[in-house]
Amino acid sequence: MGQTQEVIIKDVNIESAINEGLQILDVNRDQVSIEVIEKSKKGFLGFGKKLAKVKLTVAEDKDTPDQNQTNDQPLLNNNYKDENLNSKERFEELVFIEEDKIRLKKTNENSYPVIQSGTNINLYVNNNLVKDSILVSGNDDIRVETEDKEPNNEINIDNTQDKMMAFLKITQQKGIKYKAEIIQNTDNDEILIIAKEIREIEPPKVDLEEVYKKLKELNITYGIKEGFIKKAIESPGEEFLIAEGRPATGSVDEKIEYLFNKEDSNKNISQQPAQKIDYFSINSINSVKKGEVLAIKYASKYGKVGYNIFGEKLGVKPPQNIDWQIGDGVEIIGDKAVATKDGRPAIQNGELTIFEIYVVKGDVNLSEGNIDFNGDVIVMGDVCENFQVKATGMIKVNGNVAQAFLEAGGDILVKNNIIGSEVVAGGLATYYQKCYFYLNKLVELFEELEKAILQLKSHKSFKTKDLEKNGEKQIIQLLLDTKYTEISKILKEFYTLIDDLEQKTIMKDLNYVVKNLKGKISENGFCKIQELTELIILRRRINDVCQVLKKFDFNVSKVQAGYLQNSYVNASGDIIINRNGAYNSNLNAGGKIEFKGIKGVFRGGNINSQGDIMIKELGSPGGSKVQVQVPEGKKVYAKKAYINVVVKIGNQTYKFDYEQNNITVTLDDDGYIRVV
Amino acid sequence: MMMVILELFNERVITLEIKCKYKNEIAILRLTGELDMATVDSLVEKVLDIKENYLKIIFDFSGIKFVDSTGVGKMIKLFQDHDEINYVISNLQPDVKDIFDILNLKEILGESMFKECNEDALSYLLS
């Protein structure tokens, strides 16, 4: 076996290096394999110039070259001899492109091309992808491939978070078609195959089916607008709303319309001068005749179910129904409430009632005696010393009330003065307000309790075997004893309130829920509920009653008087003083308190109001003791406040140390009292 | 040492292991296992037993991984019925602490009743 012989030659270009090597080895070109190690570089003004470097390896037996082996080698069967040939001419003579093949011209026998691919061109020599430059011979199969850019359509569908809308945008990208071309690399005389852009390819129009396919993938099925999909296809780059859900339409609750207007009729009465009032005319404003329709109930309407774009059903809250709540003198015929006797219609304590009207033509005195009437009482004169008037409806006095007692289920209107008397309006409504407060709080707490139960039951360290065995009572009791001790506290207060009430007539819905509640949780907080579902049902029932009680707001009873002195006034609604004001009196209002008279003074006493207080003068220049209390969120307004006036808002107190004008007392955001 | 083993539904053995240690006038009950319907009575019994001699008790909860409403309920009842005893719960594991937080026990029983470790519990009961 012969030895392997190799030389590495450096020269100005590859061909001269090869020739030199062949001379050194004293062999023919077909007896060596040639490897280009480095290509030559011209450099600039002598800088960066690099010589070509080739390695020539002599085959094992140079004297008897194997024919097959020779063929495998990237050699041409001719010699390099002409170095003077201009390189430009050379490459044109050497290679040409025929379809995807690069051919070497056989006629040229004195030049070996080195070729390299440019960007977007793949060069294959004998089916191997070549990245660097390569020396090729006529035996090589040289193929080029252009990396054409395909046109592209992007279909983009976005939906809104509420799942009610989907938008389509089509983005189109043009493709590019290349063609391989041969150029000479002027740097080193090599042959470069480059991609030449010959044309752009317009992307095809997006097929409607493609969009539908995409919609299907995204599960968008409802409210698809094909017209807009087509528009989006026509106008790439623009966004179109292509699917839209249908929102559910709300249900219409049952509604009762009352055909009499309490507010207006009251106004009319008080505006008329006392002397000229004819009580029959008062009655005609306020009253109805037997058989008259008092109210109409309008049917509920079920809303329409909606769908989002994913075809998911959007539920509709069922409409709420209202039950008639009727008291004396009213009968329901079909969808109408009809008066069964003459009298004044009113909604008192949630019930539509006809109040018969009792008119005292003169004073309430010895000849008349005390009055206790189931209905309204109108006194044309005064209520005299030591007499009392009780009415389940309203009481109206056109004269004065002195050293007397008035109690009404409805409003109390006193045209002139109330002196040394006690006046109570709206009895039950005050209770109901409190009931509402407690029950509403219970609903909130029960909801929290239910959540806490679910939270515990799903906790990995909380075992529920005892609940499965003995029911959920145990866990409810546990929470009542721990986190929700407030529930038994509220129940205790609520039960006490109800026990007070039970002597009087109590609304039957409320009564029912109280019985229910007492059966489930005792006033000591002892739970008799076995299952969570019982708790949920109980909570819903309480909530229903709350909704009924809530509506009582509009018929709380008010007290109106001209002037007050040494008296006690309690109203479930507003207290309104029309003339001079009040001296040394205690006022207690479930609503607001307003002193409407020009003087409108409050000189001495206590005011407790659940609403705002508007007064001209609070206190007196002499510093009489005045205390005013409103809950958080309400305000006290006075044109003038004197020394010694104390204003309490929530649990904050402010005392006036000097006279101030035009003050508004409120609580600021931080819970501190502010006087401006 | 006392061991409660109950075979329930022939499926699982439910246990609560109570190890007692006494230091000065304090009893430390190291609890391991589950505080539940099946085991809480044994704990209550144990407390009533040692209450004759010890009125300061530490419940070391480091080995309690599970509780149920009966277990926690009866334990709270024990605290309330026998408030002559000074109780401290120590080494609550995170999951059980979670449950105690949901029940608001810190507020109901008092924050001072919960200590991170037995050392804190001891120094609290000794002070």
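Residues numbered from 1 in each chain as written. Chains lettered and ligands numbered in written order. Predicted model: local features only at pLDDT ≥ 70, side-chain atom pairs only at ≥ 80, totals over all residues.

A.B. asks: Would you mind going over the overall build of chain B with me for this structure?
C.D. replies: Scanning chain B from N- to C-terminus turns up five helices and six strands. Listing each helix as α and each strand as β along chain B from the N terminus yields β-β-β-α-β-α-β-α-α-β-α. Out of the 127 residues in chain B, the part that is buried amounts to 37%. The contacts in chain B between residues at least 6 apart in sequence include a share of 74% that link residues at least 24 apart. (Helix = DSSP H or I, 4+ residues; strand = E, 2+ residues; numbered from the N terminus. Buried ≥ 20, exposed ≤ 12 C-beta atoms within 10 Å, placed from the backbone. Contact = placed C-beta atoms within 7 Å.)

A.B. asks: Looking at this structure, I do not really get the sheet that holds strand E3 (residues 52–58) of chain A. What am I missing?
C.D. replies: All names here are of chain A. Overall, antiparallel pairing links the three strands, which are arranged E1-E3-E2 in an open sheet. Only two strands of the sheet have a single partner each, and these edge strands are strand E1 (5–11) and strand E2 (32–38). Along the sheet, successive strands turn relative to each other by an average axial angle of 20°, direction set aside. Where E1 and E3 come together, seven bridges link them in antiparallel fashion. Across the sheet, residue Gln5 finds its bridge partner in E3, namely Val58. (Pairing = 2+ DSSP bridges. Axes fitted to C-alpha atoms, helices over the stretch in contact; angles between N-to-C directions.)

A.B. asks: Would you mind showing me how to read helix H3 (residues 94–102) of chain B here?
C.D. replies: Given 3.6 residues to a turn, an α-helix orients residues that are three or four positions apart in the same direction. Residue and element names in this part refer to chain B. For H3, every residue scored as buried is listed here: Val96, Ile99 and Phe100. Along the axis of H3, the buried positions cluster into a sector of 100°, meaning they face one direction only. The positive-phi residue at the C-terminal boundary of H3 is Asn104, with phi of around 65°. (Arc of directions from axis to C-beta.)

A.B. asks: I'm lost on the interface of chain B and chain A in this one. Help?
C.D. replies: When the parts come together, some accessible area is lost, and that loss is often what is quoted as the size of the interface. Residue-level contacts link 21 residues of chain B with 20 residues of chain A. Listing elements by their share of the side of chain B that touches chain A, those giving two or more residues are strand E4 (56–68), helix H2 (69–81), H3 and helix H4 (105–109) of chain B. When grouped by side-chain class, the residues that make up the side of chain B that touches chain A number 11 nonpolar, four polar and six charged. Summarising the sheet, strand E33 (residues 462–463) of chain A and E4 of chain B pair through two bridges and their orientation is parallel. Bridge pairing in E4 of chain B links Lys463 of chain A to Asp68 of chain B. (Nonpolar A, V, L, I, M, F, W, Y, C, P; charged D, E, K, R; others polar.)

A.B. asks: Sorry, what's going on with the confidence of the model for chain B here?
C.D. replies: Residue and element names in this part refer to chain B. Looking at chain B as a whole, its pLDDT mean stands at 87, while 89% of the residues score no less than 70. Residue range residues 7–11 is modelled with pLDDT below 50. Its contacts to residues more than four positions away, or to other chains, number three contacts. As a predicted assembly, this complex carries a pTM of 0.48 together with an ipTM value of 0.84. (pLDDT = per-residue confidence, 0-100.)

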